[in-house]
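# A structural walkthrough
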Amino acid sequence: MSGPVHDYLADHRDRIVDELVGWVRLRSVAGVPEHEIDLLRSANWLAGALRDTGFPTVEVWGTEGPPAVYAEWCAAPDAPTVLVYSHHDVRAAKDEQWEETPPFEPTLRDGRLYGRGASDAKGQVLAHVWAVRAHLAATGRTAPAVNLKVLVEGEEEAGSPHFAGLIEDNRDRLGADLVVFSDNLLWRADHPAVCTSMRGQLMAHLEVHGPLRDVHSGAVSGPAPNPVEELCRLLGRLHDDEGRITLPGFYDDVVEPSERFRADLAALPFSEEDWLHRSETRSVGGERGYTVLERLWARPAAEVLTVVAGDPVGASRSAIPAVASADLGIRTVPDQEVAAVAEQLRRWVAENIGDRVHYELTIAEEIGQEPYRTPDDLPALAALEGAVRDGFGTSPGRMGNAGGGPAELLGRSLGAPVVFFGTGLPEDRWHDSDERVSVDVLLAGAATLAHLWLRLAALPRDVGDPTAT
């Protein structure tokens, strides 16, 4: 595509890649004490990039956890105020599992930049930075057409445990008419889709205790309680033969997907072969009676994320372990609530665990995240769809987001609707080895955002009012 915005971004393609390379090199890993200094360096890197872009106010906010970056450029009194949300922390990475490049030595290959955080979510944040630069260069403006605020936190990958407090402490400064949430996917490079919903999530850790210590199986095998077997038996009951989650009352508050949303998902280009290739998931399972995309974006899910017991590393001692543990992740949909699901999980474990073992169930309700859905008739959503056409040169579809995030928290705390726009793809390998981002998609995403500010500026200030036109 051509035009002032696209031409500007094309002319600066190499610089955009170079900046992302420099940022990805910073090991801003969430939840690892030795990387606290890297998270501070990452925040300062972004603060510098925002100042270089022209933001008159840029601050690094300290929290009880890693730092967040806040910036604002409010010079359009008659235009809406937009808060952009994302994060600069990344998931841990094991060098020995990466085949394309070490995770923090980013490499450009075949139009993709490989490195931890290249797509999730440093690439998405950098798209916003360059969108503002392209917007100003293409329009000749000295300030954005809308009032822009940017909040990029540093602990999203750890569940944002201090984010609610950060919002509460800075509510007056974060006030906005609209939130643009950038930590999500686009569906396909040649067929972008606007995300309109995000599932919630709840994390739990279960420990099952058998013998008082690891005991040689040759001495006690048979009568001794085996926590591994009991944990596996329990987890095997998490789903029934129809793929439904067996927690008591789990589906009581689940809202069926609307016919509009089902039609939106059915309109996306999809084949099982393409999905398996891009997601690298080998086979399709889940709840019967729903399509793959409905299972992914419109229905709840429960997953076993880790199981640890015995001697996972090194030679086996042929001992019955004293403890077996598992981490569980539950993805929720409207109108489920984290507190209710947490109680359902407690009841399910208590009713199904064997009486020959003890157990400890820890549920991280303080970092649970509620689901969110953008209203279908929101004027800002139509503006975003138009901006995607401007940026990608094709009409977008609509999709959901399978993961969680603090979208509902932002919308509820600030009293503003949330729209989603990210530059990731399912094949970008988020949280996995060889994470990557398509540079072409990154630039098209930046072009989309540059056009979005003009489209939003043409709307009334109350962009959160569905009746506004």
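Before going into details, it helps to say that this report is about the structure given with it. (Residues numbered from 1 in each chain as written. Predicted model: local features only at pLDDT ≥ 70, side-chain atom pairs only at ≥ 80, totals over all residues. Heavy atoms only, no water.)

### Here's the deal with the pattern of salt bridges
Enumeration according to the criterion identifies 30 salt bridges in this entry. For Arg41, the salt bridge is made with Asp38, and the minimal N-O distance between the two is 3.2 Å. Of the two residues, Arg41 and Asp38 both sit in helix α3 (residues 36-53), three residues apart, roughly one turn of that helix. Judged by its relative accessible area of 11%, Asp38 falls in the buried class. (Salt bridge = Lys/Arg side-chain N within 4 Å of Asp/Glu carboxyl O. Helix = DSSP H or I, 4+ residues; strand = E, 2+ residues; numbered from the N terminus. Buried < 20%, exposed > 50% of the residue type's maximum accessible area, 1.4 Å probe, protein only.)

### Topic: the side chain of Glu294
In this structure, Glu294 sits in helix α11 (residues 292-297). Owing to a relative accessible area of 7%, Glu294 belongs among the buried residues under this scheme. With residues up to four places along the chain from it excluded, the contact list for Glu294 reads Arg262, Leu265 and Arg299. (Contact = heavy atoms within 4.5 Å.)

### Here we look at the sheet that holds strand β3 (residues 81-87)
Paired through backbone hydrogen bonds, the strands of a sheet run either parallel or antiparallel to each other. Pairing within the open sheet is mixed, and its six strands lie in the order β1-β2-β6-β3-β7-β18. The sheet is open, and its two borders are formed by β1 (57-61) and β18 (418-420), each paired with just one other strand. Taken over all neighbouring pairs, the strand axes of this sheet differ in orientation by 20 degrees on average, direction set aside. Taken together, the three bridges between strand β7 (residues 178-181) and β18 define a ladder with parallel strand orientation. Bridging from a neighbouring strand, Val180 pairs with Val419 of β18. Contacts from helix α14 (residues 407-414) reach β3, β7 and β18, with the element oriented near 165 degrees to β7. (Pairing = 2+ DSSP bridges. Axes fitted to C-alpha atoms, helices over the stretch in contact; angles between N-to-C directions.)

### Thoughts on the side chain of Glu427
Tracing the chain through its elements places Glu427 in the loop between β18 and β19 (436-438). Its relative accessible area of 11% is what places Glu427 among the buried residues. Of note is the side chain of Glu427, whose polar atom sits 2.8 Å from the side chain of Arg278. The residues touching Glu427, leaving out its near neighbours within four places in the chain, are Arg112, Arg278 and Arg436. (Polar contact = N/O pair within 3.5 Å; in protein donor to acceptor, adjacent residues only side chain to side chain.)

### Observations regarding the packing of helix α13 (residues 379-392) against helix α15 (residues 439-457)
Here α13 crosses α15 at 135 degrees, and the two axes come no closer than 7 Å. Between α13 and α15, the angle falls in the class oblique. Like other packed secondary-structure pairs, α13 and α15 cross with a definite hand, here right-handed. Within the contact between the two elements, α13 uses Ala380, Ala383, Leu384, Gly386, Ala387, Val388, Asp390, Gly391 and Phe392 and α15 uses Val441, Ala444, Gly445, Ala447, Thr448, His451, Leu452, Arg455 and Leu456. (Parallel < 35°, antiparallel > 145°, perpendicular 65-115°, else oblique. Left-handed = near helix turned anticlockwise from the far one by under 90°.)

### Here's the deal with the environment of Tyr290
Considering the arrangement of structural elements, one finds Tyr290 in the loop between α10 (272-279) and α11. The class of Tyr290 is buried, set by a relative accessible area of 14%. The sequence separation of Tyr290 and Arg262 amounts to 28 residues, and the corresponding C-alpha distance is 9.7 Å. Not counting the four nearest positions on each side in its chain, Tyr290 is found in contact with Glu256, Arg262, Arg295 and Arg299. There is a polar contact of 2.8 Å between the side chain of Tyr290 and the side chain of Glu256.

### A short note on the packing of α3 against helix α4 (residues 122-139)
With their axes 10 Å apart at the nearest point, α3 and α4 run at an angle of 10 degrees to one another. With respect to α4, the axis of α3 lies roughly parallel. Of the two elements, α3 crosses α4, and the hand of that crossing is left-handed. Residues Ser42, Trp45, Leu46, Ala49, Leu50, Asp52 and Thr53 of α3 form the contact with α4, whose participating residues are Lys122, Val125, Leu126, Val129, Val132, Arg133 and Leu136.

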